[in-house]
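Given next are the chains, with one letter for each unit.
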Amino acid sequence: MLATVLVGTAGVSPLDVVRVAREGARVEISAEATASMDRARALVDQAGSNPDPVYGVSTGFGLLATTRIDPDRRSDLQHALIRSHAAGMGDPVEVEVVRAMMLLRARTLCMGFSGSRPAVAVGLVDLLNAGITPIVPEHGSLGASGDLAPLAHMSLVLLGEGRARVPDGRVVDGALALKEGGLKPLRLEVKDGLSLINGTDGMLGMLVLALADLGVLLPTADIAAALSTEGLLGTDRPFAADLHTIRPHPGQIQSAGNLRLLLRGSGVLASHRNSPHLVQDPYSIRCAPQVVGAARDTTEFARQIAGRELRSAVDNPVVLPDGRLESTGNFHGEPLAFACDFLAIAAAEVASIAERRVDRILDPARSAGLPPFLAPEAGVNSGLMIAQYTAAAIVAENRRLANPASVDSIPTSGMQEDHVSMGWGAARKLRQVVTNLSRVLAVELLAASRALELRAPLESSPANAAVAELVRHLGGGVGPDRFLSPELEAVAAAVRSGEILRRAEAVVGELR
């Protein structure tokens, strides 16, 4: 049974997010967090009786912030806010993203700076534990003033409205989802609705999940490069440790270290170590540590941003311990938008260099003796020709997706919100780039494993041999043309699940 994730006043860890979003771990709120929310709530109640206007407590929202709301309409205001802001469109975002949003929004509320009632955070946790996932359309957030529309769609279900996916996969209306889960609709009071939607939780959740995926994909990219190095009769000499300490980028040093481990004991490399057939390997082989290493360093930067955000109280206005309710700009998603854009660029480049190795393996003019497209009876058979087309098409898509979203701001709310981050869009395209990277790596692993099969009787390194055996089990070996797409998808699934990485690590130990 999965350990319960406890949400307190200090936030949650990236691992907590992954466990709740993907593995269905249960969530509990700590007594400390409940007490902190109670203290902040008392200050909000006090401010609500003050004649001075307090944004979102006794006033409207956005450009309507100067409109004072009578006390007997303030609960209605919170409900109207959720309903009006649930204006998203498009396909539903993934269940894991919505679950991450719910956990992260509860996390901010539990920190005690929002002033919402504890019942609101409890409501989100109850949805998570009941396996009820609100339907959240893909389009609607500009990444400033929070992920407004996505969080509003999430919040509708707390009210018994909107739509939700229940544990058996059906999509039902919010009222039925609550009933089947043994839950009751929540009545929002002052500040409750505003605190539900004024956060960066969607983009943060997507960033955290992408970082978890890249933690698997980047060492897998080293594995694919190691197989290609052998398949192309390359050399491991450029991966020597002293060559990388003179340019001490941490990620580069880690990647080169992985390649040395993976290629240790290679009979393929030993067979031509003193051969003059190649003075220098092409960049796609020789510079693999520099490219994947730079992506590692970019990932570390993004991880730092996500870590800070996971410890942050993101709301507006916030309730400070001295009793002040202050407007902030902490809902602006620019830090996350930059991180997502940068990470998409890095992941796109890792896919790009992998595709170049695929092309080289399949080209008889540059593959050091391999048959065209690794096909028996080339001409009758096309081998992996079109698999490289697929990889190239994916790389081209990644280049489009790597264009930064964060430089594109469209003013909204009557020019009150005149600069936005587009962080939600940056996070959405990052997810696609990461998925695309797994597919390109699958193409390279399939091509490289077949190249090594054709290099027999030369023996691969123990690590590469173990990986190539798995890939050929999943995707088949050299032979007459057959339906190729299922083989590619099977290898891609093994890439994403970490099965490829685990197979290599079973031989050489943990890859960094």
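Scroll up a little and you will see the structure.
Procedures and definitions
- Residues numbered from 1 in each chain as written.
- Predicted model: local features only at pLDDT ≥ 70, side-chain atom pairs only at ≥ 80, totals over all residues.
- Heavy atoms only, no water.
- Helix = DSSP H or I, 4+ residues; strand = E, 2+ residues; numbered from the N terminus.
- Rg over C-alpha atoms; globule rule 2.2 N^0.38 Å.
- Buried < 20%, exposed > 50% of the residue type's maximum accessible area, 1.4 Å probe, protein only.
- Contact = heavy atoms within 4.5 Å.
- Areas by Shrake-Rupley, 256 points an atom, 1.4 Å probe, with all protein chains shown as cover.
- Lys, Arg positive; Asp, Glu negative; His and termini not counted.
- Charge placed at Lys NZ, Arg CZ, Asp CG, Glu CD.
- Polar contact = N/O pair within 3.5 Å; in protein donor to acceptor, adjacent residues only side chain to side chain.
- Phe/Tyr/Trp six-rings, centres within 6.5 Å; stacked < 30°, edge-to-face > 60°.
- 1 Å grid on protein atoms, 1.4 Å probe; cavity = no way out; pocket = protein on both sides within 12 Å on 5 of 7 lines; lining within 4 Å.
- Points joined across faces, edges and corners; volume = space filled by probe spheres on them.
- Nonpolar A, V, L, I, M, F, W, Y, C, P; charged D, E, K, R; others polar.

### Describing the overall build of the protein
A count of helices and strands for the protein gives 20 helices and 9 strands. The C-alpha atoms of the protein give 26 Å as radius of gyration, which agrees with the globular expectation for 512 residues (24 Å, within 12%). Overall, the protein is about 85 × 50 × 45 Å in size when its C-alpha atoms are taken along their principal axes. Out of the 512 residues belonging to the protein, those deemed buried represent 55%. Long-range pairs, those at least 24 residues apart, make up 78% of the contacts in the protein between residues at least 6 apart in sequence. Accessible surface, the protein: about 20600 Å² in total, of which carbon and sulfur atoms supply 55%. Across the protein, 49 positive and 56 negative side-chain charges occur, with their mean positions spaced 2 Å apart.

### Here's the deal with the environment of Arg356
Inspection of the secondary structure puts Arg356 in helix α15 (residues 334–362). On the basis of relative accessible area, Arg356 is assigned to the partly exposed category, the value being 38%. Apart from the residues within four sequence positions on either side, Arg356 is in contact with Ser284 and Gln388. A distance of 3.4 Å separates the side chain of Arg356 from the side chain of Asp359, its partner in a polar contact.

### Side note on the packing of aromatic side chains
All chains considered together, the criterion is met by 1 aromatic pair. Centroid distance Phe301 to Phe342: 5.9 Å. Interplanar angle 55°. Geometry classified as tilted. Remark: Phe342 occurs in helix α15 and Phe301 occurs in helix α14 (residues 288–310); sequence separation between them is 41 residues. You can call Phe301 partly exposed: its relative accessible area is 32%. What makes Phe342 partly exposed here is its relative accessible area of 38%.

### Quick notes on the layout of surface pockets
Taken as a whole, the largest pocket spans an internal volume of roughly 600 Å³. At the level of elements, α3 (74–85), α6 (148–156) and α8 (192–197) are the ones that each hand at least two residues to the lining of the largest pocket. With 3 residues, the single largest contributor to the lining of the largest pocket is α3. The residue inventory of the lining of the largest pocket, partitioned by class, reads 12 nonpolar, 16 polar and 2 charged.

### Comments concerning helix α1 (residues 14–23)
Among the residues making up α1, those that are buried are Asp16, Val17, Val18, Arg19, Val20 and Ala21. For α1, the elements touching its buried residues are β1 (5–7), β2 (27–29), α4 (95–110), α5 (118–130), α9 (201–231) and α14. Positioned one or two residues after α1, Gly24 has a phi angle of 75°, which is positive.

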